[in-house]
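# An overview of the molecular structure
What follows is the residue order along each chain.
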Amino acid sequence: LLIQSEADEILVMDNSEEQDAGDYLMTIDKRLQVYNCRGMGLYAMWNRAAQSAMLNRPKCNLAYLNDDIAIPDLFLSTLTHALRSDDKWWATYPDVNVSAQESSPTGELLSTQGTYRNGGLLGWAFVVRGEAPIPPVDEAFEWWAGDDDLVRQIEMAGGKCGRVVGLGI
């Protein structure tokens, strides 16, 4: 795991069954704060991460990344730069059509609607504007439905989701 980011703290919601996973993660980068979320569902972890991050920093970038993805160098910096390029962007995500090894961001941010199944936001790798007025995801949702609800909430509130063209994953 290579963390290239200007962040002064990084929260990790760890729901792994391995008891020493959190201890190992904290040796990777001193900015990591690992929360034991064993037994917690995905959307409960999303909500806990957002709430924890915004306690002391109401204006922050919230990156949601699954633990089974490969990302290129400067991945988070590229996503957050795109996110902050214009107030209309409330969420940014990588280009699923490009591998991490072939990543070559073009600088273009393509406005999309919906989630992955409709050519939109990838629920396994995205960044959200922390101060955007987006309600927590309903924790009763199962896989995928919460992703759809998040995007729907963003769109209903007037925000946009954008794909960073050429940023591989």
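Here, every reference points to the structure presented above.
Computed from a predicted model, the values in this text were never measured in an experiment.

### Comments concerning the overall build of the chain
In terms of helices and strands, the chain carries four helices and seven strands. For the chain, the sequential pattern of α-helices and β-strands runs β-α-β-α-β-α-β-β-β-α-β. Radius of gyration (C-alpha) of the chain: 15 Å, near the 15 Å computed for a compact globule of 169 residues. Its C-alpha atoms give the chain principal-axis dimensions of about 40 × 35 × 30 Å.

### Quick notes on the environment of Q33
Relative to the elements of secondary structure, Q33 occurs in strand 2 (residues 32–36). In this structure Q33 comes out as partly exposed when scored by relative accessible area, which is 33%. Among all residues touching Q33, those that are not within four sequence positions of it are E9, I10, L11 and V12.

### Side note on the state of the cysteines
One pass over the full model with this rule turns up zero disulfides. With no disulfide partner, C37 has as its closest neighbouring cysteine sulfur the one in C60, 17 Å distant.

### What to know about the environment of G166
Position of G166 among the secondary structure elements: in the segment after strand 7 (160–164). When its relative accessible area of 8% is taken as the criterion, G166 is described as buried. A C-alpha to C-alpha distance of 8.2 Å links G166 and G107, two positions 59 residues apart in sequence. Other than its neighbours up to four places away in sequence, G166 contacts D95, V98, S103, S104 and P105.

### Quick word on the layout of surface pockets
As a volume, the second largest pocket reaches approximately 260 Å³. Counting residues per element, the ones that place at least two in the lining of the second largest pocket are helix 2 (42–54), strand 3 (61–65) and strand 6 (125–129). A total of five residues in the lining of the second largest pocket trace back to one element, the largest contributor, which is helix 2. Within the lining of the second largest pocket, the residues separate by chemical class into 12 nonpolar, three polar and one charged.

### Points about the pattern of salt bridges
Counted according to the given criterion, the structure contains five salt bridges. Where D87 meets R129, a salt bridge forms, and the shortest distance between an N and an O atom there is 3.7 Å. Taken together, the positions of D87 in the loop between helix 3 (75–83) and strand 4 (89–93) and R129 in strand 6 put the pair 42 residues apart, joining distant regions of the chain. One salt bridge connects D148 with R117, and the closest N-O pair in it is separated by 3.2 Å. One end of the pair, D148, is in helix 4 (residues 145–156); the other, R117, is in the loop between strand 5 (109–112) and strand 6, and 31 residues separate them in sequence. Residue class for D148 comes out partly exposed when judged on its relative accessible area of 22%.

### Examining the pairing of strand 3
Judged by which residues are buried, strand 3 turns out to be one-sided: L62 and Y64 face inward and are buried, whereas N61, A63 and L65, on the alternate face, are not. Bridge count between strand 3 and strand 6: five bridges; the pairing is antiparallel. Note on strand 6: the bridge partner recorded for L65 is A125.

### As for the packing of aromatic side chains
Under the definition given, this model contains five aromatic pairs. Taking the centre distance of 4.9 Å and the plane angle of 85 degrees together, the rings of Y43 and W46 count as edge-to-face. You can see Y43 and its partner W46 sitting in helix 2, three residues apart, about one turn around the helix. Across the pair, exposure class does not vary: Y43 and W46 are buried alike. Note on Y64 and F126: the rings are 4.9 Å apart at their centroids and 20 degrees apart in plane angle, and the pair reads as stacked. Here Y64, found in strand 3, pairs with F126, found in strand 6; they are 62 residues apart in sequence, far enough to count as distant. We classify Y64 as buried; its relative accessible area is 12%.

The rules behind each value
- Residue numbers restart at each chain and count upward from 1, following the sequence in its written direction.
- Note on the predicted model: pLDDT of at least 70 is required for a residue's local features to be given, and 80 or more for side-chain atom pairs to be given and counted; whole-chain, interface and lining totals, by contrast, use all residues.
- For the side-chain quantities, the full set of heavy atoms in the structure was used; hydrogens and water were omitted.
- Helix and strand assignments come from DSSP, with helices taken as H or I runs of at least 4 residues and strands as E runs of at least 2, each series counted from the N terminus.
- C-alpha atoms define the radius of gyration, and 2.2 Å times the number of residues to the power 0.38 defines the globule rule.
- Note on exposure labels: buried denotes an accessible area under 20% of the residue type's maximum, exposed denotes more than 50%, and partly exposed covers the range between, all computed with a 1.4 Å probe on protein chains only.
- Here a residue-residue contact requires only that any non-hydrogen atoms of the pair lie within 4.5 Å.
- Criterion for a disulfide: a pair of cysteine sulfur atoms within 2.5 Å.
- Two kinds of site are reported from a 1 Å grid over the protein atoms alone, namely cavities, where a 1.4 Å probe fits but cannot get out, and pockets, open sets with protein on both sides within 12 Å along at least five of seven lines, and residues are called lining when an atom falls within 4 Å of a point.
- Grid points are joined across faces, edges and corners, and a volume is the space filled by probe spheres set on the points.
- Under the scheme applied, nonpolar residues are Ala, Val, Leu, Ile, Met, Phe, Trp, Tyr, Cys and Pro; charged residues are Asp, Glu, Lys and Arg; polar residues are all the others, including Gly.
- A side-chain nitrogen of Lys or Arg and a carboxyl oxygen of Asp or Glu constitute a salt bridge if their distance falls within 4 Å.
- Only strands joined by at least two bridges in the DSSP assignment are considered to pair.
- Two aromatic rings from Phe, Tyr or Trp, using only the six-membered ring of Trp, form a pair when their centres are within 6.5 Å; if the ring planes differ by under 30 degrees the pair is stacked, by over 60 it is edge-to-face, and anything between is tilted.

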